[in-house]
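Each chain, written out:
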Amino acid sequence: MISKGMKRSALVLTVAAGCTATVVLTACSSGSGSSSHQSAAPTTTSPAPRSFSATVDNPWFPLPPGRTLVYSGTKDGAKSTEYLTATRETEKITGIPCRVVSDRLYTGRTLREATRDYYAQDAAGNVWYFGEDTAELDAHGNMLSTEGTWRAGRDGARPGIFQPAHPVPGAAGQQEYYPGQAEDRFQVLDLTSRVSVPYKTFTGALRTKEWTPLEPGVVDNKYYVKGIGTVKEVTIKGGPFEENALTALRG
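Residue positions are given per chain, counting from 1 as you read along its sequence in written order. Residues qualify for local features only when their pLDDT is at least 70, as the model is predicted, and side-chain atom pairs are given and counted only at 80 or more; totals for whole chains, interfaces and linings, by contrast, use all residues. The side-chain figures draw on all heavy atoms in the structure; neither hydrogens nor water molecules are used.

Q: How should I be thinking about the pattern of salt bridges in this particular structure?
A: Side-chain pairs of opposite charge can arise where the charged atoms are in close proximity. Each salt bridge in this description consists of a side-chain nitrogen of Lys or Arg and a carboxyl oxygen of Asp or Glu lying within 4 Å of one another. Inspection of the entire model under this criterion finds 10 salt bridges. For the salt bridge of K75 with E113, the shortest nitrogen-to-oxygen distance reads 3.8 Å. In this pair, K75 is assigned in strand 3 (residues 68–75) and E113 in strand 6 (residues 110–121), connecting sequence segments 38 residues apart. Across the pair K222 and E233 runs a salt bridge, and its minimum N-O distance is 3.9 Å. Of this pair, K222 sits in strand 15 (residues 219–225) while E233 sits in strand 16 (residues 229–237); the two residues are 11 residues apart in sequence, bridging distant segments of the chain. Accessibility assignment for this pair places K222 and E233 in one class, buried. Among the ionic contacts, a cluster of salt bridges with common partners joins E89, E91, R116, D133 and R151. Comment: elements are numbered from the N terminus, with helices defined as DSSP H or I runs of at least four residues and strands as E runs of at least two. Relative accessibility decides the category of a residue: with a 1.4 Å probe and only protein chains considered, values under 20% of the type maximum give buried, values over 50% give exposed, and everything between is partly exposed.

What follows is the structure in structure tokens.
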């Protein structure tokens, strides 16, 4: 999805086996890519690794095993179809069990990107992002690149909160951190948005602004709906323009 390389202002955190993780979500101005910190939101201290679970049921980003979200959109100027599946697999990263999510992106009938994403939820309900294994393929299925692959605990990479348990407008955070490769950030804009996608029209959606310092000047909006998760992503500033919208929910 667009969020590969675009996820997002400053989370202070450390996670390692046997340690706790302290997270500070900051309240920011709602300008463009970079944000100025105005006041700190409440500090959340996540539990020790034994209190994390691969069961992700945060209402804004649920990952029930076996469910697939189908999206249509535009990627690199071409029409695309994407399948996001919460698998029944789990994998431990820094000692924490993570849900494996399969992300397959096609242009036409050709598989162009295949990614395995790793998520875990803490006892407070925050969803953490622990890394991804990426593969970019050519038209014949040959590997072109694994750029963007990272896992927490390797080469200084650290996880981040992908979806807070209780998002509030103005709160911001860093969803991942692998220097020079994965530095996505987000800010909550509102929880009252109306969004229309091929699957359905929703009200009361969570809308975020997302960016990365690795792509200065590029800003996305992402929309989440309770009980479903991401329903739309769209570039609103910078380029190239990309968009993904939910067309079907299976399972």
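Q: Teacher, can you tell me more about the nonpolar core here?
A: We define the nonpolar core as a collection of buried residues of types Ala, Val, Leu, Ile, Met, Phe, Trp, Tyr and Cys that are connected through side-chain atoms lying within 4.5 Å of one another. Counting residues in hydrophobic clusters, the biggest one holds 42 residues, and the most contacted among them are Y119, F130 and V231. Residues are treated as being in contact if the distance between any of their heavy atoms lies within 4.5 Å. In contact with Y119, not counting residues within four places along its chain, are V56, F61, L63, P97, C98, R99, V101, V127, W128, Y129 and F162.

Q: Could you clarify how one ought to interpret the side chain of R151 in this entry?
A: Tracing the chain through its elements places R151 in strand 9 (residues 150–151). Polar contacts, as counted here, are pairs of nitrogen or oxygen atoms within 3.5 Å of one another; within protein the pair requires one atom able to donate a hydrogen and one able to accept it, and residues that are adjacent in sequence qualify only if both atoms are side-chain atoms. In terms of polar contacts, R151 uses its side chain to reach the side chain of E91, at 2.6 Å. With sequence-adjacent residues up to four places away left out, R151 is seen in contact with E91, I93, Y118, F130, G131, D133 and A157.

Q: Would you mind showing me how to read unusual backbone geometry here?
A: Peptide bonds are trans in most cases, and residues, glycine excluded, mostly fall at negative phi. In the segment running from G239 into P240, the intervening peptide bond is cis, with an omega of 5°. By the element assignment, P240 lies in the loop between strand 16 and strand 17 (243–250). Unusually for a residue other than glycine, D76 sits at a positive phi of about 55°. Mapping D76 onto the fold places it in the loop between strand 3 and strand 4 (78–93). Note on D76: relative accessible area 59%, which makes it exposed. The phi angle at T94 is positive, at roughly 50°, despite the residue not being glycine. By secondary structure assignment, the location of T94 is in the loop between strand 4 and strand 5 (96–107). Judged by relative accessible area, T94 falls into the partly exposed class, the value being 22%.

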